[in-house]
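Coordinate analysis (summary)
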Amino acid sequence: MLNKIEHVALAVADLDAAVTHYTQVWGLEVAHRELVADQGVEEVMLRLGDSYLQLLGATGPDTTVAKFLERRGEGLHHIAYEVDDLPATLDSLSARGVEMIDEEPRLGGRGHMVAFVHPKSNHGLLVELIQR
Ligand code: CO
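Residues take numbers from 1 onward in each chain, read along the sequence in its written order. Since the coordinates come from a predicted model, pLDDT governs what is reported: local features require at least 70, and pairs of side-chain atoms require 80 or more to be given and counted, while whole-chain, interface and lining totals use all residues. With hydrogens and water excluded, all non-hydrogen atoms of the structure serve as input to the side-chain values.

Focus: the sheet that holds strand β8 (residues 127-131)
Whether two strands pair comes down to DSSP finding at least two bridges between them. Helical segments are the DSSP runs of H or I of at least four residues, strand segments are the runs of E of at least two, and each set is numbered from the N terminus. Strands sit in the order β2-β3-β4-β1-β5-β8-β7-β6 across an open sheet of eight strands; the sheet is mixed. For this open sheet the edge positions go to β2 (29-36) and β6 (106-107), each flanked by a neighbour on one side alone. Summarising the sheet, strand β5 (residues 75-82) and β8 pair through four bridges and their orientation is parallel. The residue bridging I79 from the neighbouring strand is V127, located in β8. Any two residues whose heavy atoms approach within 4.5 Å at even a single point are treated as in contact. A fitted line through C-alpha atoms serves as each axis, taken over the contacting stretch for helices, and the angle formed by two N-to-C directions is quoted from 0 to 180°. In the packing of helix α1 (residues 15-24) onto the sheet, the strands contacted are β1 (4-11), β2, β3 (41-48) and β4 (51-58), and the crossing angle to β4 comes to about 155°.

Here it is as structure tokens:
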């Protein structure tokens, strides 16, 4: 069902400072930067092998990432798994009683279809499923 870890996402307080840190200290390269206005988030993808590290910055105080930072501080936000067939994966999870944040696939960053799994029915981990 799951192909690989597509990205690991970190919520950061200062996106530009975090990009500087990960490029200069860790030597990663920026592959993509995108403002997802309707989600209130700006995301930067740093290539790491054939996966990515994703840095998430909030676009304003009343956004989900800003609330996450207020509650939990900087750090791990979610892990994204790549799947071949997102609708079939969602059906399979629902049939097993897993609570979804997105019942249906929706358009995410980089034009991929995505859906989020609620952490409370997943032992505390927010999971994003991605179909390329
Ligand atoms: Co993500």
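Further notes follow.
Digging into the coordination of the cobalt ion
The rule for donors is simple: an N, O or S atom within 2.8 Å of the metal counts, and for Na, K and Ca the reach is 3.2 Å. Water is not among the atoms, so a site may look short of donors. The protein atoms that coordinate the cobalt ion are H7 (NE2), Q54 (OE1), H78 (NE2) and E128 (OE), at distances of 2.0 to 2.4 Å. For the cobalt ion, the four donor atoms in the first shell make angles of 84 to 174° at the metal, so the coordination geometry reads as irregular. Sequence positions of the donors to the cobalt ion reduce to the motif H-x46-Q-x23-H-x49-E. Here Q54, found in strand β4, pairs with H78, found in strand β5; they are 24 residues apart in sequence, far enough to count as distant. Side by side, Q54 and H78 carry an identical accessibility label, which is buried. By the criteria applied here, four donors are tetrahedral when all angles lie between 85 and 135 degrees, four are square planar and six octahedral when opposite donors are over 155 degrees apart and every other angle lies between 65 and 115, and any other arrangement is irregular. With a 1.4 Å probe rolled over the protein chains alone, any residue whose accessible area is under 20% of its type maximum counts as buried; one over 50% counts as exposed, and the rest are partly exposed.

Function-wise, these values are silent; they only describe arrangement.
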